[in-house]
Amino acid sequence: MLKKFILLFICSLAFPIPGTSQETGESGKEKCLACHSKQDYTFNNPYTSQTEKRLMNPYYILDTASISSGVHHKFNCTDCHSPDYETWPHNGELKLEPINTCLDCHGGDDTYAKYHFEEVDAEFQQSVHFTATGEHFGCYKCHNPHYYRPMARDSKVMTESISYDNNMCLSCHSNKDRFGLLSEKGLFDVMDRHEFLPNQTAHFTNVRCIECHTKVNDSLMVAHNILPKDKAVKLCVECHSSNSILMASLYRHQAKERRNELGFVNASILNESYVIGANRNIFLNILSLVIFGMAIMGIIIHTALRKVKQKK
Amino acid sequence: MYLYPIWIRIWHIINALLFLILIITGLSMQYSNPDFTIIRFDVAVSSHNISGILLFFNYGIIIIGNLFTPNGKFYRLKWKKTKGQIADQFRYYTYGIFKGEKTPFPVTEKRKFNPLQKITYIMVIYLFMPLIFITGWALLFPELIFIKRIFGTSGIHFTDLVHIISGFFLSLFMVIHIYLCTIPKPPGSSFKAMLTGWHQHEE
């Protein structure tokens, strides 16, 4: 009996929900967020019979603004988490329950067919994340389901989408604690490792990590086959050319049908970015050829006429 | 007559070599293609950057030289007076030369350049070179480009357009410049003068 009481007490510290939310008539998500969006919580300590205020574990604090802008904002917490969480204090063993994966909801459903979830999963299973860490690596490691936003499709500002995407990678690759959860190897310094890139800042703010670190798949909006580091793109011209791979990845959404036709020509496609060798203006190209051609022709004719004059 | 002092000749030769490297590497970057590589992209970028910086310092020589030596006077003109002379020189190149006419503005110690040559050099040195240097430095440090949006495009893209357009006109200038140097007689005398400093009178 005492053991059970102690267990219940520990659980109440780990998952506290004060009774006040029930009293105010809040329900569903709001009830959970009443505690899980705050820095502290209050609970009744059965040992001292006093109400105590303590700091919330930071990993259990959610950002309500990010939740509201996420794709799952209409969900209740218990749509994915166990309904038993509605009871407070929470049972500590609930933490050990497996959480639904993306495919549990999105797989095999025609509503989501256009997002190719199964193909994403198949790609992911070929990726170095999966092959190196196996089942420990799931969608949630990169895509936080509380806040997830389909930026590659929805964002109107390219740099916003790039930063959002790169932060996914950096959340582990620049955080030794999170990185250490999945890998025994020490965390490398991202900046040092990419020292070969000229204008490093320009690269990091204008392209996503996955541009070089995935294999482009024409049927997916965002490639998920993260390649081992030795297979990453290192040839500058892969991007810096009129047939830039960026057109098939980063700018795919904006420039679906223009890849081979105009390259990076049209400023309406790429009015935020600039890639040496790829930003060719077809009209300027033609104009420059015409002017240069005329100059050369002029020189040839001039030379010929001079020769004719000399012979006379 | 001795027209080209040693500092001008050295400046000119360095200019010519750097121009060549910059044109070749610039074209290689602009038309980079994975299937057909003229110069490896990263090599082209580094060579272009280094040559551009060297050209910038070399440009300083002519600017200082023009400010503090008599050479500066060859780069000044009075538009009202020169306007007609430019037309005369143009007429000579496009018509008179084929009729066996003498050049209307022969080289003297006081007139190193003909009027058309002078206006072209002034445009090159005081307009296109500054433009290409400003945009070149900006592209070297793109984070310093403070105009983020201009004419419906990004500041950096616009900077690049100004850079390559200036580069195009400078390349065009170089081609025509070399061709026009083949005109004075005896053949090759202009090229020889740029090495020795001595200008040979036309026959």
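Because the structure is predicted, anything quoted here is derived from the model rather than measured. (Residues numbered from 1 in each chain as written. Chains lettered and ligands numbered in written order. Predicted model: local features only at pLDDT ≥ 70, side-chain atom pairs only at ≥ 80, totals over all residues.)

1. A look at the overall build of chain A
We apply this condition: Counting from the N terminus, the helices are DSSP H or I runs at least four residues long and the strands are E runs at least two residues long. Any pair of residues counts as being in contact when their C-beta atoms, constructed from backbone geometry, are within 7 Å of one another.
In terms of regular secondary structure, chain A is built from 16 helices and 2 strands. Partitioning the contacts of chain A with sequence separation of at least 6, the portion at a separation of at least 24 is 53%.

2. What to know about the overall build of chain B
Let me state the cut-off plainly: Exposure classes come from backbone-placed C-beta atoms, where a residue is buried if 20 or more other C-beta atoms lie within 10 Å of its own, exposed if 12 or fewer do, and partly exposed in between.
Broken down by element type, chain B carries 6 helices and 2 strands. Secondary structure elements in chain B, listed N-terminal to C-terminal, are α-α-α-α-β-β-α-α. With respect to the three principal axes, the spread of C-alpha positions in chain B is 55 × 35 × 35 Å. Within chain B, the fraction of its 203 residues that count as buried is 21%. Sequence separation of 24 or more characterises 61% of the internal contacts of chain B that already satisfy a separation of 6 or more.

3. Focus on the pairing of strand S1 (residues 40-45) of chain A
Residue and element names in this part refer to chain A. Heads up, the condition is: Pairing between strands is defined by DSSP: at least two bridges between the two strands are required.
Pairing of S1 with strand S2 (residues 50-55), which is carried by 6 bridges, proceeds in the antiparallel orientation. Of the residues in S2, the one forming a bridge with asparagine 45 is glutamine 50. In this antiparallel pair of consecutive strands, S1 and S2, the connection spans 4 residues, and serine 49 shows a positive phi of 60°.

4. With respect to the interface of chain B and chain A
The figure often quoted for interface size is the accessible area lost as the parts come together. Put simply, the rule reads: Note on residue classes: Ala, Val, Leu, Ile, Met, Phe, Trp, Tyr, Cys and Pro are nonpolar, Asp, Glu, Lys and Arg are charged, and everything else, Gly too, is polar.
Contact residues are listed per partner, giving 25 residues for chain B and 27 residues for chain A. Counting residues per element, the ones that place at least two in the side of chain B that touches chain A are helix H1 (6-30), helix H2 (41-68), strand S2 (153-154) and helix H5 (155-180) of chain B. Per element, the largest residue contribution to the side of chain B that touches chain A is 8 residues, and it comes from H5 of chain B. Within the side of chain B that touches chain A, the residues separate by chemical class into 13 nonpolar, 9 polar and 3 charged.

5. Focus: the nonpolar core
Put simply, the rule reads: One nonpolar core equals one set of buried Ala, Val, Leu, Ile, Met, Phe, Trp, Tyr and Cys residues connected by C-beta atoms within 7 Å.
Ranked by internal contacts, the top residues of the largest apolar core, which has 20 residues, are Cys239, Leu246 and Val275 of chain A together with Met29 and Phe41 of chain B. Contact partners of cysteine 239 of chain A, with chain neighbours within four places excluded, come to Ser244, Ile245, Leu246, Val275 and Ala278 of chain A.

6. Regarding helix H16 (residues 282-311) of chain A
Defined as follows: Working rule for helices: expected span equals 1.5 Å times residues minus one.
Here H16 of chain A is 30 residues long and its end C-alpha atoms lie 43 Å apart, about the 44 Å a rise of 1.5 Å per residue gives. Where burial is concerned, little of H16 of chain A is hidden: 0 out of the 30 residues are buried.

7. Considerations on unusual backbone geometry
At the junction of lysine 185 of chain B and proline 186 of chain B, the peptide bond is cis and its omega measures out at -5° in the coordinates. Looking at where proline 186 of chain B falls in the secondary structure, it is placed in the loop between H5 and helix H6 (189-196). Located in the positive-phi region is serine 49 of chain A, a residue other than glycine, with phi close to 60°. Here serine 49 of chain A is to be found in the loop between S1 and S2. Note on serine 49 of chain A: 7 C-beta atoms within 10 Å, which makes it exposed. Despite not being glycine, histidine 116 of chain A has its phi angle at roughly 55°, a positive value. Mapping histidine 116 of chain A onto the fold places it in the loop between helix H6 (102-106) and helix H7 (117-126).

8. Section: the environment of lysine 53 of chain A
Residue and element names in this part refer to chain A. Here lysine 53 is to be found in strand S2. Accessibility expressed as a C-beta count within 10 Å gives 8 for lysine 53, which makes it exposed. Residues lysine 53 and phenylalanine 43, spaced 10 residues apart in sequence, show a C-alpha to C-alpha distance of 6.6 Å. Excluding its chain neighbours within four sequence positions, the residues that come into contact with lysine 53 are Asp40 and Thr42.

9. What about the confidence of the model for chain A?
Heads up, the condition is: pLDDT measures how confident the predictor is about each residue, on a scale from 0 to 100.
Scored by pLDDT, chain A has a mean of 80; 83% of the residues are at 70 or more. Low confidence marks residues 4-26 of chain A, where pLDDT is under 50. Its contacts with residues over four positions away, or in another chain, come to 29 contacts.

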